[in-house]
Amino acid sequence: MRTSRREFMKWVSAGGISLSLSHLAAAEPVAFPARETLPGRGKLNPAIGGAGRVDGVAKVTGSKLYASDFRANDLPGWPEKTSHAILVRAPDATHVYLGMDLARLSGALKPTVIVTAADLARINVRVPAYYEGDLFCPVGKTPLYMGQPVALLIFEQFDTYDRARIALRDGTFVQFGEETGPIVMPNYAAYRFTRVAGATPDAPDVYSPVLAGWVTPGRTQASALPVWSSTAHKNEAGYEKAAVYGDQIRAEIAASESSALVLDRTFDTQSVDPMFMEPECGLGWYSAKDKALELVLGVQSPYEAAESIAFLLGETKAPFKPSAINAQFAYVGGGFGGRDHTPFIFYVTLAAIFFPDRPVRLAHDRYQQFQAGIKRHAIKMRSRMSVDRASGKITAFAADHVLDGGGLANFSANVATCAATAAIGIYDVPKVDVTTVAEHTRGVTAGSMRGYGSLQTMTALEVLIDEAALALKLDPIDFRRRNALKQDGRTMTGNPYIVSVRSLEVLDKLEQHPIWQQRAAEKVRAASGILVGTGVACVTKDYGTGGDSSNGRVELSPDGRIAIFCDHVEMGNGIGTALANRVALHLGSIADEVAVSQVGVFDAMELVTSGDCYTMDQKTQDKAEKDPRWVPSISSATSASIGAHVGTHAAAEAARVIFRFGLWPAALALWNIGPRDPRARDFAKAQWKDGQLTMAGLPSLPLDKLAAAAHARNLVTGAVAHGFSRWSWARARFPINGEQYRAEIDGLALRRGAGKFTRINRASVLFPPTDNNRMGTAYTAACGATVRVEIEKATGMLRIAKAYTAFECGQALVPEVVIGQAQGGFAMGVGYALLETLPPFEGGPGNGQWNLGQYLVARGSDLSLRDVEIELMPPLTPDELPKGMAEVVMIPIVPALLNAIHDAIGHRFAALPVTQAMLKGALA
Amino acid sequence: MTTLGITINGQVHAPTEVRDDLSMNDFLREYLGMTGTKFGCGAAQCLSCVVIVDEPDGTCHTNPTCVTSAASFHGKTIRTVEGHAKNGELSPLQKAFIRHFAFQCGYCTAGFLNEGQVLLEQLARTPVPRAGLEERIAEALDGHLCRCTGYFKYHEAVLDVILSDAKRYLIQEPRG
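Caption draft 1: Layout of the overall build of chain A. Each helix and strand in chain A was counted, giving 22 helices and 32 strands. Scaling as 2.2 N^0.38, a compact globule of 924 residues should have a C-alpha radius of gyration of about 29 Å, and chain A matches this with 28 Å. The C-alpha extent of chain A, read off along each of the three principal axes, is 80 × 80 × 60 Å. Within chain A, contacts between residues at least 6 apart in sequence are counted, and of these 79% link residues at least 24 apart. Accessible surface computed for chain A: about 31300 Å², of which carbon and sulfur atoms make up 53%. Charge centroids of chain A, computed over 93 positive and 92 negative side chains, lie 3 Å from each other.

Caption draft 2: Expanded view of the overall build of chain B. Counting its regular elements, chain B contains 6 helices and 5 strands. Tracing chain B from N to C terminus, the helices and strands come up as β-β-α-β-β-β-α-α-α-α-α. Relative to its length of 176 residues, chain B is compact, with a C-alpha radius of gyration of 17 Å against a globular reference of 16 Å. Overall, the C-alpha framework of chain B stretches about 60 × 35 × 30 Å when taken along its three principal axes. Within the span of chain B, comprising 176 residues, buried residues form 59% of the whole. Counting only contacts in chain B whose residues sit at least 6 apart along the sequence, the fraction spanning at least 24 positions is 61%. Total accessible area on chain B is roughly 6700 Å²; 52% of this is exposed by carbon and sulfur atoms. Charged side chains of chain B number 16 positive and 20 negative; the gap between the two group centres comes to 6 Å.

Caption draft 3: Broad picture of helix α19 (residues 703–712) of chain A. By the burial criterion, the buried members of α19 of chain A are Leu703, Leu706, Ala707, Ala709, Ala710 and His711 of chain A. Asn714 of chain A, located one to two residues past α19 of chain A, shows a positive phi value of around 60°.

Caption draft 4: Structural view of the interface of chain A and chain B. Every contact between the two is made by 67 residues of chain A and, on the other side, 50 residues of chain B. Summed over both partners, the interface of chain A with chain B comes to about 4800 Å²; 59% of that surface belongs to carbon and sulfur atoms. The largest per-residue losses of area from chain A upon contact with chain B belong to Val60, Met277 and Arg859 of chain A, which jointly make up 16% of the total buried on that side. In this structure, the connection of chain A to chain B is made through 8 salt bridges. Note that Arg19 of chain B is salt-bridged to Asp159 of chain A, the shortest N-O span being 2.5 Å. Our enumeration of links across chain A and chain B arrives at 27 residue pairs in polar contact (both at pLDDT 80 or more). Taken together, the elements giving at least two residues each to the side of chain A that touches chain B come down to α1 (56–60), α3 (158–167) and α20 (815–834) of chain A. The dominant element in the side of chain A that touches chain B, judged by the number of residues it contributes, is α20 of chain A, at 10 residues. Within the side of chain A that touches chain B, the residues separate by chemical class into 31 nonpolar, 18 polar and 18 charged.

Caption draft 5: Highlighting the packing of α3 of chain A against helix α1 (residues 24–31) of chain B. At a minimum axis distance of 12 Å, the contact between α3 of chain A and α1 of chain B shows a crossing angle of 150°. By the criterion of interaxial angle, the relationship of α3 of chain A to α1 of chain B is roughly antiparallel. Crossing angle aside, the handedness with which α3 of chain A passes α1 of chain B is right-handed. Between α3 of chain A and α1 of chain B, the residues in contact are Phe158, Asp159, Asp162 and Arg165 of chain A and Asp26, Glu30 and Tyr31 of chain B, respectively.

Caption draft 6: Spotlight on the sheet that holds strand β30 (residues 780–792) of chain A. Residues and elements named next belong to chain A. With mixed pairing, 4 strands are arranged side by side in an open sheet as β17-β30-β31-β32. With one partner strand each, in any of the chains shown, β17 (530–542) and β32 (868–873) form the two edges of the open sheet. On average, each strand axis in the sheet is tilted by 10° relative to the strand beside it, whichever way the strands run. Two elements, strand β31 (residues 798–808) and β32, share 6 bridges in a ladder whose sense is parallel. Note on β32: the bridge partner recorded for Ala806 is Glu871. Strand contacts of helix α12 (residues 503–512): β17, β30, β31 and β32, with the helix running at about 25° to β30, the strand carrying the most contacts.

Caption draft 7: Here's a closer look at the domain arrangement of chain B. All names here are of chain B. By the assigned domains, chain B splits into domain 1 (2–83) and domain 2 (92–169). For domain 1 and domain 2, the distance between their C-alpha centres works out to 22 Å. Contacts between the two partners involve 18 residues from domain 1, matched on the other side by 16 residues from domain 2. A buried area of about 1400 Å², summed over both sides, lies between domain 1 and domain 2, and 56% of it is on carbon and sulfur atoms. The largest share of the area that domain 1 buries against domain 2 comes from Leu47, Cys60 and Val81, three residues that together contribute 30% of it. As a salt-bridge pair, Arg79 and Glu121 come within 2.7 Å of each other at their nearest N and O atoms. In this structure, the connection of domain 1 to domain 2 is made through 7 residue pairs in polar contact (both at pLDDT 80 or more). Residue assignment for the side of domain 1 that touches domain 2 shows that the elements contributing at least two residues are β3 (51–54) and β4 (60–63). At 3 residues, β4 tops the list of elements feeding residues into the side of domain 1 that touches domain 2. For the side of domain 1 that touches domain 2, the residue count by class is 8 nonpolar, 8 polar and 2 charged.

Caption draft 8: Spotlight on the side chain of His155 of chain B. Along the chain, His155 of chain B falls in helix α5 (residues 152–164). Judged by its relative accessible area of 12%, His155 of chain B is buried. If sequence neighbours within four positions are ignored, His155 of chain B has contacts with Leu865 of chain A together with Ile137, Ala138 and Leu141 of chain B.

Caption draft 9: Inspection of the environment of Glu467 of chain A at higher detail. Residue and element names in this part refer to chain A. Along the polypeptide, Glu467 turns up in helix α10 (residues 454–471). Taking the C-alpha atoms as reference, Glu467 lies 41 Å from Gln368; in sequence the two are 99 residues apart. Setting aside residues no more than four positions away along its own chain, Glu467 makes contact with Leu263, Arg265 and Arg908.

Caption draft 10: The packing of aromatic side chains, seen in detail. Following the criterion strictly, the structure yields 29 aromatic pairs over all chains and no others. Above the face of the Phe661 of chain A ring, Arg660 of chain A is positioned so that its terminal group lies 4.7 Å from the ring centre.

Caption draft 11: How the structure looks around the pattern of salt bridges. For the structure shown, the criterion picks out 65 salt bridges over all chains. Here Asp69 of chain A makes a salt bridge to Lys38 of chain B, at a shortest N to O gap of 2.8 Å. Here Asp69 of chain A, found in the loop between α1 and β3 (83–89), pairs with Lys38 of chain B, found in the loop between α1 and β3, and the two come from separate chains. The class of Lys38 of chain B is buried, set by a relative accessible area of 3%. A single network of salt bridges, built from pairs that share partners, joins Arg192, Asp247, Arg250, Arg384, Asp400 and Asp433 of chain A.

Caption draft 12: Quick look at the pairing of β4 of chain B. Residue and element names in this part refer to chain B. In β4, alternate side chains face the same way, and those of Cys60 and Thr62 are buried while those of His61 and Asn63 on the opposite face are not. Where β3 and β4 come together, 4 bridges link them in antiparallel fashion. Within β4, the residue paired with Val51 across the bridge is Asn63. Count of turn residues in the β3/β4 antiparallel hairpin: 5 residues, of which Gly58 carries a positive phi of about 95°.

Caption draft 13: Molecular detail of the confidence of the model for chain B. Mean pLDDT over chain B stands at 96; residues scoring 70 or higher make up 99%. Across the whole predicted complex the pTM is 0.92, and at the interface the ipTM reaches 0.98.

Caption draft 14: The arrangement of the sheet that holds strand β29 (residues 764–766) of chain A in detail. Residue and element names in this part refer to chain A. Judged by pairing direction, the sheet is antiparallel, and its 3 strands sit side by side in the order β26-β25-β29 without closing on themselves. Only two strands of the sheet have a single partner each, and these edge strands are β26 (739–743) and β29. Each strand of the sheet is rotated relative to its neighbour by a mean of 25°, with strand direction disregarded. Its contacts with the sheet place helix α18 (residues 649–670) against β25 (731–736) and β26, and it is angled at close to 150° to β26.

Caption draft 15: Local environment of the nonpolar core. In this structure, Phe826 of chain A together with Phe97 and Ile162 of chain B are the most contacted members of the largest nonpolar core, which totals 116 residues. Residues from two domains meet in this core; each of domain 1 (2–83) and domain 2 (92–169) of chain B gives at least three. Of all hydrophobic cores here, the second largest spans 64 residues; its members include Val54, Trp630, Phe661 and Leu668 of chain A.

What counts as what
Residues numbered from 1 in each chain as written. Chains lettered and ligands numbered in written order. Predicted model: local features only at pLDDT ≥ 70, side-chain atom pairs only at ≥ 80, totals over all residues. Heavy atoms only, no water. Helix = DSSP H or I, 4+ residues; strand = E, 2+ residues; numbered from the N terminus. Rg over C-alpha atoms; globule rule 2.2 N^0.38 Å. Contact = heavy atoms within 4.5 Å. Areas by Shrake-Rupley, 256 points an atom, 1.4 Å probe, with all protein chains shown as cover. Lys, Arg positive; Asp, Glu negative; His and termini not counted. Charge placed at Lys NZ, Arg CZ, Asp CG, Glu CD. Buried < 20%, exposed > 50% of the residue type's maximum accessible area, 1.4 Å probe, protein only. Buried area = accessible area lost by both parts, 1.4 Å probe. Salt bridge = Lys/Arg side-chain N within 4 Å of Asp/Glu carboxyl O. Polar contact = N/O pair within 3.5 Å; in protein donor to acceptor, adjacent residues only side chain to side chain. Nonpolar A, V, L, I, M, F, W, Y, C, P; charged D, E, K, R; others polar. Axes fitted to C-alpha atoms, helices over the stretch in contact; angles between N-to-C directions. Parallel < 35°, antiparallel > 145°, perpendicular 65-115°, else oblique. Left-handed = near helix turned anticlockwise from the far one by under 90°. Pairing = 2+ DSSP bridges. Domains from an automatic or database assignment. Phe/Tyr/Trp six-rings, centres within 6.5 Å; stacked < 30°, edge-to-face > 60°. Lys NZ or Arg CZ within 6 Å of the ring centre and 35° of its normal. pLDDT = per-residue confidence, 0-100. Core = buried A, V, L, I, M, F, W, Y, C linked by side-chain atoms within 4.5 Å.

Here's what the structure looks like:
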């Protein structure tokens, strides 16, 4: 496999530091030609014919791919030797930190460099606002959270480091004094989402977040838990109106108890770890002479990481301020949100800065990853629901959510709002009132782990729905169907989805499946000592963030070789393969090269940005967009669920331009079709078949011939494109060859023949309105599950006897990868429901003593692999755009399992996970 | 310090002095730069770190390297993920992993590959009946953790290799 160190984009960050980023793949010479195929056109190219992933060979041969694989001597131009750092963390957040007793590191074990809070203050390190909080707990302060770093210890030699690491393993050398209790901080976010629908489905809403904006009871309220009352003091503007409607909804629910079914239930979910297989790791080298900082990192958000590091060092004193940062981003060994906006990158940076001229490696071990890696939010929920007994329709829903955000804000606000706006799942409920608050606690920081927010609230909801159906003596699927949101219905923020809504189809599939059909018979057939139960659940999950960017560059060589460059990260979700396939739809062949995690190769568009795309107002956007280079956001973080929809978008659009203004006119020339011939406009009728462009009545043309002709005629042979989506893609017109070319992109640069890329100024642009920020989501994908469990009465042991999941994702770019993700989601869901849990605070992972063994992840034997059926529903139409799906697939199996457990043993659990011990207890 | 002499992927590494408490994982990754063998948990719970140990009697088994000292491998012959392909040709199991999209992030792949390969070689020595084959595969792979895939496709890939060469791996049952 070839090294992918490419031309770097250089730009000057706010701190005056030149930044460049690139994707890092194997740096070492390769042993045999197969490794050079990534994906390449060689005979071993696994992408050809869709058989395998573009990174398949590298991954089965142990190539250096991940950040943890690289040492200084693997990297061209770096010094030979690698030094190693230990990041010391506080296992306590209720006592004053006094310092470290490093007596056990005497003699040869003494660290060469120790970095503490005082050192950071001395050189004037700045913490980016997003990561607000001390990077190191200063002596004399109580740590902000368990696992907060207190120092970096740097060792020149690996053996010294390794022996010190073993000597320090128990953590008792970090010393504490007076008990202070935990540090109290304001909450990270508090919102209220209230909607009152009009009298009929077609009537406008009386009140909704889309109409009135998102409201919060008050950032000025000083208490950790907000006062939600409409009459509370210090409410922010607009809050009171929502609160009045909300309080009214709650009063109506309470008053309806005599005539309606009213359920008032709590549900608690636990903290869990993403448990990606590769603990976080990074390598840094600061050349003091050149003032150049080199980094090797593995994150889901490379662009953000580089910018944050530049800010971190932007005002440091000489000689600690680099003039240039070159960050290289490796493949990640799993992410699931845990590597998105991770503060780990700062410590790699600091290790390098404080030990100049020596490459330093910082690697978490698994204990440290548990201690400090970003977690899933534990959420405490109280839900109230009113259902009309006659119609079986849900009339009102109210809920209150409290999220444990842990020590740093991270994505807590986003998770809280996502959880709240997902709280009514697939249903159409005319009156909804949900409050949510994400608290600071002394626990480990929680963030945007896969399925964030929705997993928790939809699990609680689907268990509640099951209980309601049984109370009303309605079939659980029929009850769901009566209440499911239809295509044009409004979500709880008051907007319809702009993509297909297929929950009803999913429900039909669940109903028809033998697991569901045979549920009564199987119960009767249960063996002695075994209780059998069947459960069902159906959910819909948003994908995208409402501010997603996509950068893509496609190049076509004279011999028809295709190269694709993309800014999104390969996390195992197969984005490289998906890119190759999506571009192939336009260019007729699988790419010869796909490079992910790129930023520097899009500079020809010369994009600029300003403001915050999530919060800016329309006037600001209208003014900014007059600059044809301006976009609301240049690059955004990668998550598996937006890989297909967002990550591949710009490259696909770039390929479309190459076809339209490169290959198509080349074909016309080869066919001797003149510009006035009506067939010259028939580009939409042309089709690729077996690498040949075909048109009825005309000879087929192979890609290489077309590419040669395009180059010879100086037609478009390369394109760089940028897309931005705020629940719909920005659209723009670009003048190309005297035409006004319209596309769902907002930035474009073209290469003609073998020339240079040149920016094409857009003639006009239509960015999605800033009011779209009021939507919870407009993109959604549906998924349902039914499962049969067998529970041993004597032991509480649960076995999944049969399970079925049906899901939709629009057009599946690489169906095998999509199914694989669904299977992985199923496994993660089972683990979440039955096994995984991290206690909060002192007994939890922040104490540094957690590892696998205590923390149980689903293994193959937990899943009944041969009895699980996963169905990928075909797209509604062949050209339906890809949808995000990596997150939704893990959700429905969780409530389905809980509902199956209730069906089996008659007990409804209201907290996760439901372990064997809990089942045994319930059966006792 | 202890002397460690070892054969890795057919290459003899001359005896060298290593610390008694140096793990085999660190020996491979830090001393030899062979990072195909992964570090996952350091507690032998995820098995992403296993290598194949070839015994003198021709049998083989996997061994975790994260909790095992390098010194304990003295005199042994092992195989790692870097050694499966021969002369540029991927092994049948490597090909099957790719064909079946068995992995996603790929960090656990080396462990599954080594475990699967050991199973294949065990079956080649002692074929088993077709019935129960899936359970045998499940048993062999069960200690290995994967967070991306849910294991399904790893199992399918191993099954595919065995069934593609059934005469080698399965007891041939008389036709009824």
